[in-house]
Amino acid sequence: MKSAFFYLVFLLLIISNSFSQVTSGEIKPLDSEKLKGKIEHDIVVAQDGSGHFKTIGEALDAIRVYLPKPITVYIKPGIYKEKLVILGPVTNVTFEGESPENTIITFDDYAAKDNMGTFETYTLKVLGNSLTFKNLTIENTAGNVGQAVALHAEGDRLVFENCRFLGNQDTMFASGENSRQLYRNCYIEGTTDFIFGSATAVFENCVIHSKADSYITAASTPEWVEYGYVFKDCKLTSAPEVTKVYLGRPWRDFAITVFINTEMGAHIVPEGWHNWGREKAEQTVFYAEYGSFGAGANSKERVVWSHQLTENQAKKFHVYEVFAGKTKDSDFYGNRWFGFEKDGSFNLQDAWKKDVKNFPQITPVEIQSSESVTESRGHIYKKLGGRELKLDVFSPTQAESLRPVIVMVHGGGWKSGDKELQIPMAIALAERGYVTAVVEYRLSPEAQYPAGIHDVKEAIRWLKVHANEFGIDSSQMAISGSSAGGQIAALVGMTNTEEYEGTSELDASSEVQAIVDMDGVLAFHHPESAEGQVASEWLGGTYEQKPEVWDAASPLYLQNPIYKPILFIQSQYPRFHAGRDELIDKLNAKGIYSEVHTFPDTPHPFWLYNPWFEPTIEKMIQFFDRVFDK
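Being a predicted model, the structure only gives us computed values, none of them experimental.

Participant: I keep staring at empty space enclosed by the protein and nothing clicks. Help me out?
Facilitator: Applying the stated criterion across every chain, the model contains one cavity of 30 Å³ or more. Considered as a void within the structure, the largest cavity measures approximately 50 Å³ in volume. Around the largest cavity, the lining residues are I56, L60, I75, L84, I86, F95, I105, L124, F133 and L136. Of all the secondary-structure elements, those providing two or more residues to the lining of the largest cavity are α2 (56–62) and β4 (84–86). Among the residues forming the lining of the largest cavity, the class breakdown is ten nonpolar, no polar and no charged.

Participant: Just to check I follow, could you spell out the pairing of strand β2 (residues 71–75) for this structure?
Facilitator: Within a regular strand, the side chains alternate between the two sheet faces. Taken across its five residues, β2 has five buried, putting it largely inside the fold. Two strands pair when backbone bridges link them, and strand β1 (residues 43–45) and β2 are joined in this way by three bridges, in the parallel orientation. In the strand pairing of β2, I43 is matched with V73. For the crossover from β1 across α2 to β2, the handedness is right-handed. As judged from the five bridges shared by β2 and strand β5 (residues 93–97), these two strands associate in the parallel manner.

Participant: What is the right way to read the pairing of strand β11 (residues 158–161) from this model?
Facilitator: Pairing of strand β8 (residues 131–134) with β11, which is carried by four bridges, proceeds in the parallel orientation. Each residue of the ladder has a partner; that of L131, found in β11, is L158. Bridging between β11 and strand β14 (residues 180–184) involves four bridges; their strand directions are parallel. Each residue of the ladder has a partner; that of V159, found in β14, is L182.

Participant: Where do I start with the layout of surface pockets in this structure?
Facilitator: One water molecule sets the probe size; rolling that probe over the atoms shows where empty space is left. Roughly 740 Å³ of volume is contained in the second largest pocket. F346, K354, R575, F576 and H604 are, among the 33 residues lining the second largest pocket, the residues nearest its centre. Secondary structure elements with two or more residues in the lining of the second largest pocket: α5 (348–355) and α11 (533–539). Split into classes, the residues belonging to the lining of the second largest pocket amount to 14 nonpolar, twelve polar and seven charged.

Participant: What is the right way to look at the sheet that holds strand β26 (residues 307–308) in this model?
Facilitator: Hydrogen bonds between backbone groups are what pair the strands of a sheet, and the pairing can be parallel or antiparallel. Spatially, eleven strands are ordered β1-β2-β5-β8-β11-β14-β17-β20-β23-β25-β26 in an open sheet, and the strand pairing comes out parallel. Among the strands making up the open sheet, the edge pair consists of β1 and β26.

Cut-offs applied
Residues numbered from 1 in each chain as written. Predicted model: local features only at pLDDT ≥ 70, side-chain atom pairs only at ≥ 80, totals over all residues. Heavy atoms only, no water. 1 Å grid on protein atoms, 1.4 Å probe; cavity = no way out; pocket = protein on both sides within 12 Å on 5 of 7 lines; lining within 4 Å. Points joined across faces, edges and corners; volume = space filled by probe spheres on them. Helix = DSSP H or I, 4+ residues; strand = E, 2+ residues; numbered from the N terminus. Nonpolar A, V, L, I, M, F, W, Y, C, P; charged D, E, K, R; others polar. Buried < 20%, exposed > 50% of the residue type's maximum accessible area, 1.4 Å probe, protein only. Pairing = 2+ DSSP bridges. Right-handed = clockwise from strand over helix to strand, strands pointing away.

Geometry only, nothing functional implied.
Here it is in structure tokens:
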């Protein structure tokens, strides 16, 4: 127990604490009876009366059901002896303590007490959806008296970060047939079946501590549910006297429990799993491991009806796959509610190493500041809860009048890349008299289409609102994009309906006067197009699954397009200009100007390399000078 405690303390020290974000203004106590179900702003709970309420229960009573936007309940340090229920209509709330050591929710009911039964023994019952809990301890202090639940969780899209769950038998009831739950950097302890239920739950970087010879999990996964309990990068520890612990036993016959890259102490028995006295269940449960290590990782001695996964099989249990579900995996802001992993696969150095094999003459274009260009970086143009999207602005230092602005969108298959990739071009264009802005937007691992479109349009609006700060002529705006960014640039520039605009509080339009598309497809489903898996990840499914989305994201197939002058700059590969010729025909029919320039014998991301960097800049300057009558 002592070693597990010190491990947890170390874990907590490296986790940033956002409790200091509580507003420092005067906080006046509120009457939960008068305000019952009415509050839709952030709340502070403090036992000493310095918050809005003294108890968590009072705060819960006051929260408006089905909130129009997310709020946070900040819970100041204290031991809150409360038996709490968060009802189903309570959604989009974060409950945040200062730290799990000093912010404790506790109660002491148990199953034999007044014959209440297991499911009424909870300290905290969570029935609401889209809820997050941070820096809290949730405990049941009844002791070794049989079933005594600390957390009873049945809501969907629940996230627990840096929390402790303390108890003995049945500490955590992670259940609900349609419930998806994430436990990240948590500590969970107990004796028997102390993680049990029917939820689809992922445990990431958690310490699972056994206090007695018994069983860790008792899943009751429904037959129709694809995933049950998934433990990733966890550590299984025990009290010193504990020597015989099973990874799990099936509460119901279709239990699913998987451990991936988990450190297992010597207390884990060689056979690993138990059938709970039901041989028939051995044919229906799915118990598996991949990459287990430590004294308890005896893969060759596990029961024959369990599984050792291959690397490819283990990929099925990636958090994206586990939580995809049959409903949306996006939160209030359109982001994946369980977070995302940034994809760094598309970057300058790796792209160059790949392309130089076939084009040995190329050299990558690095970022070089210019004395004639003023750089203004890190501007937050959009906030999505705790997520901030930023842009960088580059402007001519000696500009004597307002200048046209070019919004620049990077590529990377809608899943990777970074705004840094556009900075060399942004500086080069600013040296020639244009203001430029490179934009961060949400990629497919974080949020699927149309989130990225909404982001880029908001960046355009933000630049218009702040035009005077950067010497921008907001009536002369262009958007430029490369690869996936080219497709985004064309779609952003040719649309103005609600589907593409998203919501905004800025008093400005997202309209631009010109578009540059460098090797960006104009039609996802097209004879020349080769888009497949990567596009599917961004668009939320294959063309066969979501043809209407694929077409809506294709500039060629827009129902109500707003045509603008377009410069197409192409590599040698036809698949990257799928739909271009048909779009040019439509532009010609409307009398809209367009240009096509193809660099023969070039790699796809030619704009990143010499010798094509300067010619690309020249083509863009000539086009902008013509469009903006310079």
